[in-house]
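Observations on the model geometry
Each chain, written out:
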Amino acid sequence: MVNKGIRIEGLKKTYGSGDTAVEALKSVDMYVAPGEVVGLIGPSGSGKSTLLKCLGAVIEPTAGKMVLGDDVIYDDAWKVRDLRALRRDRIGFVFQAPYLIPFLDVTDNVALLPMLAGVRNGDARKRAMELFEALEVEHRAKAMPSQLSGGEQQRVAIARGLVNRPPVILADEPTAPLDSDRALAVIQILNDMAKKYETAIIVVTHDEKIIPTFKRIYHIRDGVTYEEEGEGRAIE
Amino acid sequence: MISLAGRDILHSWGKFVFTGMGLGLLIGITLSMAGIYRGMVDDAKVLLDNSGADLWVVQKDTLGPYAESSSIYDDIWRGIRGMPGVEEVANITYLTMQVFKGDHDVRAMVTGITPGEVGTPGWPLYLVAGRQITRSHYEAVADIATGFKLGDQIRIRRHHYTVTGLTRRMVSSNGDPMVFIPLKDAQEALFLKDNDAIWEQRRRSAGTPAFNRPGLPDLLDSFMASQSTNPFVNAVLVRVGAGHRPEEVAASIRRWKRLTVYTRAQMEEILVGKLIATSARQIFMFLVILSLVSSAIVAFIIYTLTLGKIREIAVLKLIGTKNRTIVGLIIQQSIALGMIGFVVGKISATLLMAPIFPKYVLLLPFDSVIGFFVVVVICILSSIIAIRAALSVDPAEAIGG
Amino acid sequence: MKRLPFQKRTLALIAILLPLLALFIHVTLRSGPLAPVSVVLATVENKSLSPSLFGIGTVEARYTYKIGPTAAGRVKVLEVQVGENVEAGQVLGEMDPVDLDERIKVQDATVKRVEAQLKEAQTRKEYAQTQTLRYEQLLEVRSTSEEELLSKKQDLRIAEAGLTATREELARVRAEREVLESQRKDLLLISPVDGLVVSRDVEPGTTVVAGQSVIELIDPSSIWVNVRFDQIRAHGLRVDLPAHIRLRSQPDHIQPGHVLRIEPLADAVTEEILAKVVFQQIPDPLPPIGELTEITLTLPTLEEAPVVPNAAIHLIDGRMGVWLVTDDALHFTPITPGIADLDGQVQVRDGLQAGDQIVVYSEHSLHNYSRIQVVENIPGVIS
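Residues numbered from 1 in each chain as written. Chains lettered and ligands numbered in written order. Predicted model: local features only at pLDDT ≥ 70, side-chain atom pairs only at ≥ 80, totals over all residues.

1. Quick notes on the overall build of chain C
The number of helices and strands found in chain C is three helices and 24 strands. Counting all 383 residues of chain C, 23% fall into the buried class. Relative to all contacts within chain C whose residues are 6 or more apart in sequence, the contacts with residues 24 or more apart total 73%. (Helix = DSSP H or I, 4+ residues; strand = E, 2+ residues; numbered from the N terminus. Buried ≥ 20, exposed ≤ 12 C-beta atoms within 10 Å, placed from the backbone. Contact = placed C-beta atoms within 7 Å.)

Following this line, the structure appears as structure tokens:
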């Protein structure tokens, strides 16, 4: 599959109906190319979370169009029958907290996704190990999540986001719990991984430290996105 | 695919094992309850087995000798012995009373058995120590549940008996241990009062002018002698000869001797169907309540465990785990809990509870198998609330709200 | 180091679950119907049994004497108390004579009166005799008529008859006096034998009917035990069998005796045979009459034969037999039981040999397919 990133056109989301209707998203247009890391910035209540949930296929938008790679996944209605499989196979998630499954070890936390998709246990673990090597956490492969440091946990979480080679990764404040150095390190990793695995990465953040690293930034305000050039500052 | 449930249990095994043990004790009590019911039925059957009889001849129109009192003359057996198809007959008396050994007493069913040789109906079928009664007076074979030892002198009413043999599982339908004594002694015991009562009775008779007449000095003695005989027994046990159907023999005794006769099947119906029916219903109610309590506990535990995993479940859903997998996770955990509980329950019921219950607790393997499936079903049903909770989790919750 | 925590957890889980599982399997197999049955074995031995018979009896006196008046009357004095030994001929008491002495005096007077009448009759007869002689002489000399003489002869015969009648009357009144005399004597209650007073039924002043017992005596040398044997277990009972007599009041003291008599009449109601057993030596003090005794009769020793405890014998499907153990396998062997002794040993006529291993005691009823576990004592038996 050729990763062609993610494209969103005129996405709308209205909660409720009639007089009490709230327009969370009025008009969202975004495009993230494979290998690109873009920032999504907005104040609370701007519709940031709603957008993320729509992108993550956990809530249904009201109107608009979403194209993932070559496939139209939403065009005023879901075009994919199995949203679970869509989330599993074609969208990677990295959360503010790592949200690792506490009763699975690090490898299985990551390997679980390919396993859910029907990949054999051995192959799934092999895939996870490859990512751990790339993310330099392979020495912690057998540890339980509770035994990892915050940074390590976040790297494992990134590995989990990547493991099924999704065309897009949604990262929701991935650096929030980390100090400045580690936060930058995570962004560096995301940049590296985006390039390496040809993945489009959307980083939702309001972390001032990392905003300057994006080349492109989408601002969202009152349900409307505005595209802006970022500084694209290199990370030392 | 890895087992999520297994991993979770492995991760929080302490919680599981200890919860399982608690549940296990409850299941143990439930199994013991079933065991008590089985024990009651078994007590009834053992009583019938031990009598070694095919037919019970009792007083007309009574449910005797176990469910109702029955008394018939002790020479009726002669007539029955002559009926075609009758192989062996024996008189028998049953009387539940206190049996004394020194200062302490035991409630027991004193059974008067016809002297003879081994195999006479009514005799204990097997012993665990000592020997069968060989003298026709003042010897007793007691069940070990009475706590008596070989050689003990026990007192039944006015007479002392030497314990010569011990039995096991020889009980009345109430679970009282049996004490076997020779028939003649038992007939006396049935009738004989304590010494004081005898003296008082003699005084009363002597004070009655009708019995103490100056012109007939011997009348009082004759009257008193007539008062202290008891020509009654409770039943006649009949063993039917080979080649005869008990029903036919019973029918002919009923017809020609005008007595009530029960076959083994009828006796079982009386004992199980009438005598212990209320207790059985009571125990059944306990079983139902205990099952409900058990399922409530399982439901509560599983629900709590699931609530503790809501976030993980949301993540699992978000990353595309199927509902089936999540339901499987919960049900498997629930069943695992049930299994630990069942194993602990079975062990505790057998090793801890059954021996301390005063009544016989019979744990049938078949009951355990049923119990196992009931536990599994209860666990599955109990996890429904937890499953509903888990399925209603919105995967969107995983994404910062 | 890094991987240890996980292993430790697994190990702990295994450490708890494995024993639990092992215990579960043990419990499942070792209890309930799947469990092996504990049994106690015995070896059949050749032994000679000395069977015995056991019966219950009461001490009774062979001879009991009930002393009482022959006529209705009032008791005047009683000179003995219960428990006293009396001799033959001893006066035990006396009935009140009431008017007997006065009646004797009346009778004495009557005798005297009849004696006087006798004298009168005698005199009449002598006069009649003299008259007859004189008239005979007068007739020879023809100084009187024949008719006169005949009249005098008749007078003589009348006088003779009167004399005889009066003599008989005297004998009668004398005899009547003797009757009263002997009645007077019979008022004494006299012991017919050397004996022991066991009961004093009435006190002086009581009026009793003829034949009612006032004093009851027994002959202490005649006490015996009236013993009952169940008919079903009386095989071998005969006269002169040695007996052990155990009185209820002296359970540790066994006294020797023997069977004196077997009653020809058995008790049809209680289905017992009655026999009398006498003491070798009359016990001193005398056991109370009516005391309960246990009698054990020893029968002659039997020839040696294989012997099994009666607890080992079972009736299965109408056949008597024992559970034979060969190579840890059970099978039911029919036997023909013979004579048994009171200790529960039974001779086997047929079906077993000395040295066979048999099951005496078992925890449950046995079947051919029962698994067995040989133990010293059945669990739960307090010894």
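2. Quick word on the packing of helix H5 (residues 150-162) of chain A against helix H6 (residues 180-197) of chain A
Residues and elements named next belong to chain A. Relative to each other, H5 and H6 sit at 20°, their axes nearing to 11 Å. Judged on the interaxial angle alone, H6 and H5 are roughly parallel. Seen from above, H5 lies across H6 with right-handed handedness. Of the residues in H6, those in contact with Gly-151, Gln-154, Arg-155, Ile-158 and Leu-162 of H5 are Arg-182, Val-186, Ile-189, Leu-190, Met-193 and Tyr-197. Residue classes in the contact of H5 with H6 are distributed as seven nonpolar, two polar and two charged. (Axes fitted to C-alpha atoms, helices over the stretch in contact; angles between N-to-C directions. Parallel < 35°, antiparallel > 145°, perpendicular 65-115°, else oblique. Left-handed = near helix turned anticlockwise from the far one by under 90°. Nonpolar A, V, L, I, M, F, W, Y, C, P; charged D, E, K, R; others polar.)

3. Focus: the sheet that holds strand S17 (residues 305-309) of chain C
All names here are of chain C. Ordered in space as S2-S17-S22-S21, the four strands form an open sheet in which the pairing is antiparallel. Two strands bound the open sheet, and with one partner strand each, they are strand S2 (45-47) and strand S21 (336-340). Pairwise comparison of adjacent strand axes, ignoring direction, gives a mean angle of 50° for this sheet. Across three bridges, S2 lies against S17 in antiparallel orientation. Residue pairing in the sheet places Glu-45 in a bridge with Val-307 of S17. (Pairing = 2+ DSSP bridges.)

4. Looking at the sheet that holds strand S15 (residues 272-279) of chain C
Residues and elements named next belong to chain C. Around the barrel, six strands lie side by side as S3-S12-S15-S14-S13-S16; this closed barrel has antiparallel pairing. Averaged over all pairs of adjacent strands, the angle between their axes in this sheet comes to 40°, without regard to strand direction. In terms of strand pairing, strand S3 (residues 52-61) meets strand S12 (residues 223-230) through six bridges, oriented antiparallel. Counterpart to Val-59 in the pairing with S12 is Val-225.

5. Examining the interface of chain B and chain C
Each partner contributes to the interface: chain B provides 38 residues, whereas chain C provides 43 residues. Here the element with the most residues in the side of chain B that touches chain C is helix H11 (residues 323-356) of chain B; it accounts for six residues. Residues belonging to the side of chain B that touches chain C are distributed by class as follows: 22 nonpolar, 10 polar and six charged.

6. Observations concerning the pairing of S3(C)
Residue and element names in this part refer to chain C. Within S3, eight of the 10 residues are buried, leaving the element largely enclosed by the surrounding structure. As paired strands, S3 and strand S16 (residues 292-298) are joined by seven bridges and run antiparallel to one another. Bridging from a neighbouring strand, Ile-56 pairs with Glu-294 of S16.

7. Brief notes about the nonpolar core
A:Leu190 and B:Val57 are the most contacted members of the largest nonpolar core, which totals 213 residues. Considering every element that reaches this core, the biggest residue donor is helix H2 (residues 13-51) of chain B, with 15 residues. Two domains each provide a minimum of three residues to this core, namely domain 1 (2-44 + 277-399) and domain 2 (60-192 + 230-258) of chain B. Once you skip the residues sitting within four places of it in the chain, A:Leu190 turns out to touch A:Val37, A:Ile158, A:Ala171, A:Ile201 and A:Val203. (Core = buried A, V, L, I, M, F, W, Y, C linked by C-beta atoms within 7 Å. Domains from an automatic or database assignment.)

8. A closer look at the environment of B:Arg169
Residues and elements named next belong to chain B. Take Arg-169: it is sitting in the loop between strand S8 (159-167) and strand S9 (178-182). Judged by the 23 C-beta atoms lying within 10 Å of it, Arg-169 is buried. C-alpha of Arg-169 to C-alpha of Asp-43: the two residues are 126 residues apart in sequence and 7.9 Å apart in space.

9. Topic: the packing of helix H3 (residues 106-116) of chain A against helix H4 (residues 121-135) of chain A
Residue and element names in this part refer to chain A. Put simply, H3 and H4 touch, their axes get as near as 8 Å, and they point 125° apart. Relative to H4, the element H3 lies oblique. Crossing of H3 over H4 shows right-handed handedness. Here H3 contributes Thr-107, Val-110, Ala-111, Pro-114 and Met-115 to the contact with H4, which in turn contributes Asn-121, Ala-124, Arg-125, Arg-127, Ala-128 and Leu-131. For the contact of H3 with H4, the class distribution of residues is seven nonpolar, two polar and two charged.

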